[in-house]
4 protein chains.
Amino acid sequence: MTDEREPIRVGVLGARGRMGLEVCKAVDAAEDLELVAMVDQGDWLFNASDAGAQVLVDFTTPDVVMDNLHYAVDQGINVVVGTTGFTEQRLDRVRGWLSHKPGVGVLIAPNFGIGAVLMMQFAERAARFFESVEIVEQHHPRKLDAPSGTASHTARRIAEARAAAGCGPMPDATKESLAGARGAEIDGVRVHAVRASGLVAHQEVLFGTEGETLTIRHDSLDRVSFMPGVLLAVRSIMSRPGLTIGLDALLD
Amino acid sequence: MTDEREPIRVGVLGARGRMGLEVCKAVDAAEDLELVAMVDQGDWLFNASDAGAQVLVDFTTPDVVMDNLHYAVDQGINVVVGTTGFTEQRLDRVRGWLSHKPGVGVLIAPNFGIGAVLMMQFAERAARFFESVEIVEQHHPRKLDAPSGTASHTARRIAEARAAAGCGPMPDATKESLAGARGAEIDGVRVHAVRASGLVAHQEVLFGTEGETLTIRHDSLDRVSFMPGVLLAVRSIMSRPGLTIGLDALLD
Amino acid sequence: MTDEREPIRVGVLGARGRMGLEVCKAVDAAEDLELVAMVDQGDWLFNASDAGAQVLVDFTTPDVVMDNLHYAVDQGINVVVGTTGFTEQRLDRVRGWLSHKPGVGVLIAPNFGIGAVLMMQFAERAARFFESVEIVEQHHPRKLDAPSGTASHTARRIAEARAAAGCGPMPDATKESLAGARGAEIDGVRVHAVRASGLVAHQEVLFGTEGETLTIRHDSLDRVSFMPGVLLAVRSIMSRPGLTIGLDALLD
Amino acid sequence: MTDEREPIRVGVLGARGRMGLEVCKAVDAAEDLELVAMVDQGDWLFNASDAGAQVLVDFTTPDVVMDNLHYAVDQGINVVVGTTGFTEQRLDRVRGWLSHKPGVGVLIAPNFGIGAVLMMQFAERAARFFESVEIVEQHHPRKLDAPSGTASHTARRIAEARAAAGCGPMPDATKESLAGARGAEIDGVRVHAVRASGLVAHQEVLFGTEGETLTIRHDSLDRVSFMPGVLLAVRSIMSRPGLTIGLDALLD
């Protein structure tokens, strides 16, 4: 007896971009998925619907993603979105479109790295059990912002978890400090940003209580590492109608 | 207005042992707990019940712990147990005693280090999302067994989680290997044990998928690190009748 | 006044191989070097001498490297060799050729990664000051041998340094050990080999004495990391007549 | 035939302090050393000379150390000093005393941790070979200064080595930075100070060039780790007349 399930038909928007290309390769290599459309600037979006796509993956740009989403939802096609720039306002518009199409699912995620998402979940979960926590993120020296968005986001989630559990301020007897030595403070959590040639994208969250430390470290070397997250989203979205924000919900 | 909750009355069995002494100090220092009895070899166990202990903490030895437990349950006193040597048979006897005392709670935990328990929980949870996982544990050179019990236990939980998720074997093209280079294998998970002066008790669980790794590391430097876990158990056990195994349940 | 030094004229043998291509790019990008010949299978070797190459870089194969070296030395051209497979016998033949050409320099190095070479130097130097030392190397799962050549080489250098300083055996009380848990033993130094997706090429040398540890870690992510070592060799070889083995001598 | 060398007779000044006590224990445990005098506040310093001490170890306080040194040098006794507070002026006075006693040796070291001293030596040596370097030091939250003296000292030695080798500024494209995120700057080297419960005293020096990183890490858990350095100094000082600053010279 064979597995009679049909492969999921997938279209990729932004198919010639760096992420889009990786998605095309990953979908193509997956036995349970079928790549039915590759769409980029200059192509017609309805090629994707004509090809019978059941899920679209969108790695385009903030200026076209809303049109793509509107069209896809309207056509009853599920969408997995990695494009950035989603404000609360934009999310509300997407929710509005989806309210008319109760069977359609849209997942919008700022980060498809399962490792990074787990790092943040674990950090949030560990937060209330330790007196201290600091974040050290390390990136290549071509990065423009410090600290990284992931580090800031992690700090905020940790701070919220600590506040919710009633944790007090962390112990710190520092009296004399050279400016900057103790890092940046994000909602009370210290974040240090290292920049050096030879690094790619790394983050360490260090928790400590008298006598022990727990460290959660994520090293990301290549965008290929986002593909398992993208494929997980593609496989999950058909059974998750409505709007889902972030990969977290899919990892439970 | 003051907090009118009465402190929990706690007795410590094995109070002159290394762990017992730490527990006495920790209970004594906690505002919501009151140390009412310190019992060790040669002392009468009923001193603890006479003193009105509501929770007993037992860090004794395998040959006396069952008598202690039987007595405490019989007297309706909750017990937190860090003593080792619990077989399935012993656990069944404890369950039997508790069946006659529906209000009494007993928690038996092999490890009160919250960091270590979280490390294992996170490892189990991450297991199904990565192609590869290996464990490197590092201890002082006076340790008699290799790998450590915690490492073996972590490996087994990871292996179970991978099996449940239908993960296949990990990739490994090793053709030529010096004996021992690839570590010990526990249910398909490789475990490496480092022994060196200057180390105390450390463990690293390394997960990897093409392009990224996630590392969970625990460093334990002092048995004082077990105290938050013991106190958490003491505070929780009065509202957890029946038998609880491990600290995990208390961390959710 | 300008820097009137002429650039060094460099030819690359094995120019279409993975390493050769990187060398061509690196030489081309360096202001003080001029790429005058790219030679590979099917090309005539005398193209390089005709082009006036002062230094040849050889990343070819064991079956042609000796002919290349013989020719170059005969022509009075210095050579930097990254090709593998040099036995003591082969080195003796090279020394023989060089004895007739006192002005010519040949450098043969098994590893052009300056980081890796420094890691080994530092490890050798630290060896006699610590009671314990172990090596953990971590590589991608497509690697065929375990432990890596670099790890074995490091272990041997550490063992020699300890022996020369009269260090005794390392402390290790292990009584019960699962097969492989304590790693492979190379001249008394334990070496552990981790293999996991997401890793590239990493090595950690851990030294310990009661109360402290010193760890030297090298992470290699890309063969581009060998280029600074190759260029250092190219720039140094013209003033180092005779045979030089390894990058070490150039780093002092 | 037996080893006929007489043990070195050692006196300890500040013998009841935390470091002094450790030194007494360590000297007592060493077969080639004999503890002949333990001197502290209220004791007569000449007890040490009367007892025939050949080497004095001084872990006292800045207000008495100069008198101790003057007396010892005058008596022709070698001294190993771990007491802090030595200015250039004080060192000059010591040099003056020693000029009249050409056979006497004094070693003054800010740090007797061999691991820490090697870390700084290695960092200095690696400095010129990498484009980037940053320091992350991690300490317990009771520490008053940030960054640590060792981190500042390491940064300065790295900066000097880079300057001497003509290294340019490190690459760093940071445009938007939260205050403090990029750490403190010491002579152009970024230093980050982490403070958390559960930590003791740790430092990581990270070097990077495109494609590779080299990390040197030191973990210090206990002041017992300074004893091998103190004993090395005691054994070396009798054959090192004059003033020696720092442990470095003894490690070559």
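The structure presented is a predicted model; accordingly, all values stated were derived computationally and were not measured.

### Some words on the interface of chain D and chain A
Listed per partner, the contact involves 44 residues of chain D and 44 residues of chain A. Here chain D is connected to chain A by two salt bridges. The shortest N-O distance in the salt bridge between Arg142 of chain A and Glu210 of chain D comes to 4.0 Å. On inspection of chain D and its partner chain A, the count reaches 22 residue pairs in polar contact (both at pLDDT 80 or more). Among the elements of the structure, β6 (132–139), β7 (145–146), β8 (176–177), β9 (184–186), β10 (189–195), β11 (201–209) and β12 (212–220) of chain D are those that each provide at least two residues to the side of chain D that touches chain A. Ranked by residue count, the leading element in the side of chain D that touches chain A is β10 of chain D, at five residues. Tallied by class, residues from the side of chain D that touches chain A come to 18 nonpolar, 13 polar and 13 charged. As judged from the two bridges shared by strand β7 (residues 145–146) of chain A and β8 of chain D, these two strands associate in the parallel manner.

### A look at the pairing of strand β5 (residues 105–108) of chain C
Residues and elements named next belong to chain C. Of the two faces of β5, the one holding Gly105 and Leu107 and the one holding Val106 and Ile108 are both buried throughout. Bridge count for β5 against strand β13 (residues 242–245) is four bridges, and the pairing is parallel. Bridging from a neighbouring strand, Gly105 pairs with Gly242 of β13.

### What to know about the sheet that holds strand β13 (residues 242–245) of chain A
Residues and elements named next belong to chain A. The parallel open sheet is built from six strands, whose spatial order is β2-β1-β3-β4-β5-β13. Either end of the sheet is taken by a strand with one partner, and the two such strands are β2 (33–39) and β13. Taking each pair of neighbouring strands and ignoring which way they run, the sheet shows an average axis angle of 20°. On top of the sheet, helix α7 (residues 227–237) reaches β1 (8–13), β2, β3 (55–58), β4 (78–81) and β5 (105–108); it is set at about 160° to β4, its chief contact.

### Observations regarding the UniProt feature "binding site: (S)-2,3,4,5-tetrahydrodipicolinate" (unreviewed entry) in chain A
Residue and element names in this part refer to chain A. As annotated in UniProt, the feature "binding site: (S)-2,3,4,5-tetrahydrodipicolinate" (unreviewed entry) corresponds to His140, Gly149 and Thr150 in the numbering used here. Along the chain, His140 turns up in the loop between β6 (132–139) and β7. Apart from the residues within four sequence positions on either side, His140 is in contact with Arg195, Ala196, Leu199 and Val200. Among the structural elements, Gly149 can be located in helix α6 (residues 149–164). Residue classification places Gly149 among the partly exposed positions, given a relative accessible area of 45%.

### Here's the deal with the pattern of salt bridges
With the rule as written, the count across this model stands at 63 salt bridges over all chains. Its salt-bridge partner being Arg16 of chain A, residue Asp43 of chain A comes within 3.6 Å of it at the nearest N-O pair. Taken as a pair, Asp43 of chain A in the loop between β2 and α2 (46–50) and Arg16 of chain A in the loop between β1 and α1 (18–29) lie far apart in primary sequence, 27 residues in all. The closest approach of N and O atoms between Asp248 of chain D and Arg157 of chain D, which form a salt bridge, is 3.4 Å. Of this pair, Asp248 of chain D sits in the segment after β13 (242–245) while Arg157 of chain D sits in helix α6 (residues 149–164), placing them 91 residues apart in sequence. The structure contains a network of salt bridges with shared partners spanning Glu88, Asp92 and Arg95 of chain A.

### Concerning the relation of the copies chain D and chain A
For the pair chain D and chain A, the relating rotation is 180°, the translation along its axis is 0.0 Å, and the fit reaches an RMSD of 0.1 Å. Viewed as a symmetry operation, the transformation between the two copies matches a two-fold axis. In terms of proximity to the rotation axis, the leading residue of chain D is Gly180 of chain D, whose C-alpha is 1.8 Å off the axis.

### Describing the sheet that holds strand β3 (residues 55–58) of chain D
By way of backbone hydrogen bonds, the strands of a sheet pair with one another, either parallel or antiparallel. All names here are of chain D. Spatial strand order, β2-β1-β3-β4-β5-β13: six strands in an open sheet with parallel pairing. For this open sheet the edge positions go to β2 (33–39) and β13, each flanked by a neighbour on one side alone. Averaged over all neighbouring strand pairs, the angle between strand axes comes to 20°, with direction disregarded. Note that β3 and strand β4 (residues 78–81) share four bridges and pair parallel. The residue bridging Leu56 from the neighbouring strand is Val79, located in β4. Strands β5 (105–108) and β13 of the sheet are contacted by helix α4 (residues 88–99), whose axis makes an angle of about 150° with β13.

### Digging into the side chain of Arg157 of chain A
Residue and element names in this part refer to chain A. Relative accessible area serves as the criterion here: at 13%, Arg157 is assigned to the buried category. Among the polar contacts made by the side chain of Arg157, one reaches the side chain of Glu124 at a distance of 2.9 Å. The residues contacting Arg157, other than those within four sequence positions of it, are Met120, Gln121, Glu124 and Asp248.

### A look at unusual backbone geometry
Here the amide bond leading from Ala146 of chain B into Pro147 of chain B is cis, since omega sits at 0°, within 30 degrees of zero. By the secondary structure assignment, Pro147 of chain B is in the loop between β7 (145–146) and α6 (149–164). At Asp187 of chain A, a residue that is not glycine, the phi angle is positive and equals roughly 50°. Its location among the elements puts Asp187 of chain A in the loop between β9 (184–186) and β10 (189–195).

### Quick word on the UniProt feature "domain: Dihydrodipicolinate reductase N-terminal" (unreviewed entry) in chain A
Mapped onto the present numbering, the UniProt feature "domain: Dihydrodipicolinate reductase N-terminal" (unreviewed entry) falls at residues 8–112 of chain A. With 40% helix and 24% strand, residues 8–112 of chain A has its two end C-alpha atoms placed 20 Å apart.

### Thoughts on the packing of helix α3 (residues 62–74) of chain A against helix α4 (residues 88–99) of chain A
Angle between the axes and distance between the axes: these two values describe a pair of packed helices. Residue and element names in this part refer to chain A. Axis separation between α3 and α4 bottoms out at 9 Å; the angle between their running directions is 15°. Relative to α4, the element α3 is oriented roughly parallel. For the crossing formed where α3 meets α4, the hand is right-handed. Here α3 contributes Pro62, Val65, Met66, Leu69, His70 and Val73 to the contact with α4, which in turn contributes Arg90, Arg93, Val94, Trp97 and Leu98.

Cut-off values and rules
- Residues numbered from 1 in each chain as written.
- Chains lettered and ligands numbered in written order.
- Predicted model: local features only at pLDDT ≥ 70, side-chain atom pairs only at ≥ 80, totals over all residues.
- Heavy atoms only, no water.
- Contact = heavy atoms within 4.5 Å.
- Salt bridge = Lys/Arg side-chain N within 4 Å of Asp/Glu carboxyl O.
- Polar contact = N/O pair within 3.5 Å; in protein donor to acceptor, adjacent residues only side chain to side chain.
- Helix = DSSP H or I, 4+ residues; strand = E, 2+ residues; numbered from the N terminus.
- Nonpolar A, V, L, I, M, F, W, Y, C, P; charged D, E, K, R; others polar.
- Pairing = 2+ DSSP bridges.
- Buried < 20%, exposed > 50% of the residue type's maximum accessible area, 1.4 Å probe, protein only.
- Axes fitted to C-alpha atoms, helices over the stretch in contact; angles between N-to-C directions.
- UniProt positions renumbered as here; feature names shortened; annotations may be inferred.
- Least-squares fit on C-alpha atoms with pLDDT ≥ 70 in both.
- Parallel < 35°, antiparallel > 145°, perpendicular 65-115°, else oblique.
- Left-handed = near helix turned anticlockwise from the far one by under 90°.

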